[in-house]
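Chain by chain, the residues run as shown.
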Amino acid sequence: APLVAVADADSLRTIMSTTNTPKGMIMRFFERGTNLFDPLGSGWLGTGLLTSNGALWKSRRDLITPTFHFQILQNYMGIFQSRTKILASRLNKLAQEGTDKSHDIFPLCTDCTLDIIGACAFGLDLGCQTQAEPSNYVKAIREITEIVFARTFHPLHQSSIFFALSSEGRRWRNLIATVHQLPDRLISERRSYIAKHADEIESKKRLDFLDMLLTVADEEGNVLSDLAIRNEVDTFLFEGHDTTAAGLAWTLYCLAANPDYQRRAREEVDKVLQGPDHFAPTYEEAKSSFAFLELCIKEALRLYPPVPFIVRNSETPLELKGHHIPAGTEIILLIYGIQRSAEYWRDPDTFRPERFVEEGIKHPFSYVPFSAGHRSCVGQVFAMLEEKTILAMLLKQFEFTLDPTTPVEPETYIILRPRHGVKLFIRRRT
């Protein structure tokens, strides 16, 4: 298919507002596997919310949206707090190793956010932060995203047959088997629990995500297949932890690189969380009391969007900036480029959180860290609440400074990651 890269906000508006631009080729790699006779079962995310299109996508979106209702978000605060306390105790141990040793904050953020999504969506303690070894799941996810990214640039591997026969294809099969163990276990354990405790499930005011997937039925009484449920569980686990971890780590990096802004954010946190024992914000505080901290997160997401590009494929011809784009063209939307474009942003490469208040957003599609249009991120309110809670609790207890010996270089592997990690010096506040 022909390929076009787009880095202007008007074109983004056209593409994201058009319903006939389904997800592009890269999503097929997420969706399908190496077993040519069972392409969806051997894939990673199958036709889940992230990869599906059209009527199937709409029905799944309608199903999932209520699980982010604000009443449910309130219930999640306890989970945000308890998992951040574990993260803080890990940072505390690292801080005790002395001020001359820096530590990569990225894997710590990843463990914490995976723990959180496991508890919020599945009522499960994954224990990612309490195990010495990073979970096989986290390592496998990282490698899978690297393979998907590399595959898009390898003409032979774009063919399912050639990919299936390659060494990467064989590695992919092993990784997918590893990654599917977790959702398969979650689903079978919860299924047997629901069978034994049907009354309890019926009396629950609001079901968590997994209960809802296992019990929902359409008008004809059809329930979701095990494969459909696993597709959504896989999608939720991946989307619910990897992007949030990146947003968290990049914000900590920006605050460490800009000590003045870190100080101002901390002063705001101290004002809200007053007293030596007030470490965790309430739901109301997290929602509305950290205006400056929220600006810092927004600015970090502008400079380092966790999803730096997305791909669409137009089913009909499009006109973009006077250019005719034929149907079937792969269109790469360069979010990273647009959010750093001098056309829309003054001093685009400078971390300046107050820009959102002073200048605002010049073009609604020049700032799209959560995508935009009808396919915008269903979990963005959840993610912002989670990040504000975690950052407030960390800033209350620690100071972060950059390690100048390890440069931080963004690298795109589906998710925007730092090539050598985000190495920070961690100092406990007295």
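Residues numbered from 1 in each chain as written. Predicted model: local features only at pLDDT ≥ 70, side-chain atom pairs only at ≥ 80, totals over all residues. Heavy atoms only, no water.

A.B. asks: Summarise the overall build of the protein chain; cite the residues concerned and give the values.
C.D. replies: Of regular secondary structure, the protein chain possesses 17 helices and 10 strands. Going through the 430 residues of the protein chain one by one, you find that 56% of them count as buried. In the protein chain, the share of contacts with a sequence separation of at least 24, taken over all contacts with a separation of at least 6, comes to 73%. If you sum the accessible surface of the protein chain, you get close to 18700 Å²; carbon and sulfur atoms cover 54% of it. (Helix = DSSP H or I, 4+ residues; strand = E, 2+ residues; numbered from the N terminus. Buried < 20%, exposed > 50% of the residue type's maximum accessible area, 1.4 Å probe, protein only. Contact = heavy atoms within 4.5 Å. Areas by Shrake-Rupley, 256 points an atom, 1.4 Å probe, with all protein chains shown as cover.)

A.B. asks: Before we move on, can you summarise the nonpolar core with the specific residues and values?
C.D. replies: Core analysis: the biggest nonpolar cluster contains 128 residues, and Leu 91, Ile 105, Phe 122, Val 233, Leu 293, Leu 394 and Phe 400 have the highest contact counts within it. Not counting residues within four places of it along the chain, the set of residues in contact with Phe 400 comprises Leu 91, Ile 105, Leu 252, Ala 256, Gln 262, Arg 266, Leu 394, Leu 424, Phe 425 and Ile 426. (Core = buried A, V, L, I, M, F, W, Y, C linked by side-chain atoms within 4.5 Å.)

A.B. asks: Which residues make up the environment of Ile 201, and what values go with them?
C.D. replies: Tracing the backbone shows Ile 201 in helix α9 (residues 198-203). Classification of Ile 201 by relative accessible area gives buried; the value is 8%. Taking C-alpha positions, Ile 201 is 9.6 Å from Met 212, a pair spaced 11 residues apart along the chain.

A.B. asks: So what's going on with the packing of aromatic side chains? Which residues, and what values?
C.D. replies: In total, this model carries 12 aromatic pairs according to the counting rule given. When the ring of Tyr 261 is compared with that of Phe 351, the centres are 5.5 Å apart and the planes differ by 85 degrees; the resulting orientation is edge-to-face. Of this pair, Tyr 261 sits in helix α12 (residues 259-272) while Phe 351 sits in the loop between α15 (335-338) and α16 (355-358), and the two are 90 residues apart along the sequence. With respect to class, Tyr 261 is no different from Phe 351; both count as buried. An aromatic cluster is present here, built from Tyr 76, Phe 80 and Phe 382 joined pairwise through their rings. Here the basic side chain of Arg 151 rests over the ring of Phe 163, its NZ or CZ set 4.0 Å away from the ring centre. (Phe/Tyr/Trp six-rings, centres within 6.5 Å; stacked < 30°, edge-to-face > 60°. Lys NZ or Arg CZ within 6 Å of the ring centre and 35° of its normal.)

A.B. asks: Explain the pattern of salt bridges to me, and be specific about the residues and the numbers.
C.D. replies: A full pass over the atoms with the stated rule returns 27 salt bridges. The closest approach of N and O atoms between Asp 111 and Arg 90, which form a salt bridge, is 3.1 Å. Of this pair, Asp 111 sits in helix α5 (residues 106-122) while Arg 90 sits in helix α4 (residues 70-96), placing them 21 residues apart in sequence. The class for Asp 111 is buried, based on a relative accessible area of 6%. Residue Arg 352 is joined to Asp 347 by a salt bridge in which the shortest nitrogen-to-oxygen separation is 3.8 Å. (Salt bridge = Lys/Arg side-chain N within 4 Å of Asp/Glu carboxyl O.)

A.B. asks: Outline the sheet that holds strand β6 (residues 330-333), supporting the account with residue identities and numerical values.
C.D. replies: Strand order across the open sheet formed by 3 strands is β1-β6-β3, with mixed pairing between neighbours. At either end of the open sheet lies a strand with only one pairing partner, and these are β1 (3-6) and β3 (310-313). Each neighbouring strand pair of the sheet contributes to a mean axis angle of 25 degrees, computed without reference to strand direction. When β3 meets β6, the two strands line up antiparallel, connected through 4 bridges. Residue pairing in the sheet places Val 311 in a bridge with Ile 332 of β6. The strands that helix α1 (residues 9-16) touches are β1, β3 and β6; relative to β6, the one it contacts most, it runs at about 125 degrees. (Pairing = 2+ DSSP bridges. Axes fitted to C-alpha atoms, helices over the stretch in contact; angles between N-to-C directions.)

A.B. asks: Can you explain the sheet that holds strand β10 (residues 423-428)? Please cite residues and give values.
C.D. replies: Strand order in the open sheet formed by 3 strands is β2-β10-β7, with antiparallel pairing between adjacent strands. Either end of the sheet is taken by a strand with one partner, and the two such strands are β2 (103-104) and β7 (398-402). Strand direction decides the pairing type here: β7 and β10, joined by 5 bridges, are antiparallel. Across the sheet, residue Phe 398 finds its bridge partner in β10, namely Arg 428. Relative to β7, helix α11 (residues 226-257) is tilted by about 80 degrees, and along the sheet it contacts β7 and β10.

A.B. asks: So, the confidence of the model for the protein chain: which residues are in play, and what are the values?
C.D. replies: Residue-level pLDDT values for the protein chain average 84, and 88% of them are 70 or greater. At the level of individual helices and strands, the protein chain shows its lowest average pLDDT in helix α2 (residues 25-31), which scores 67, and its highest in helix α14 (residues 291-303), which scores 97. (pLDDT = per-residue confidence, 0-100.)

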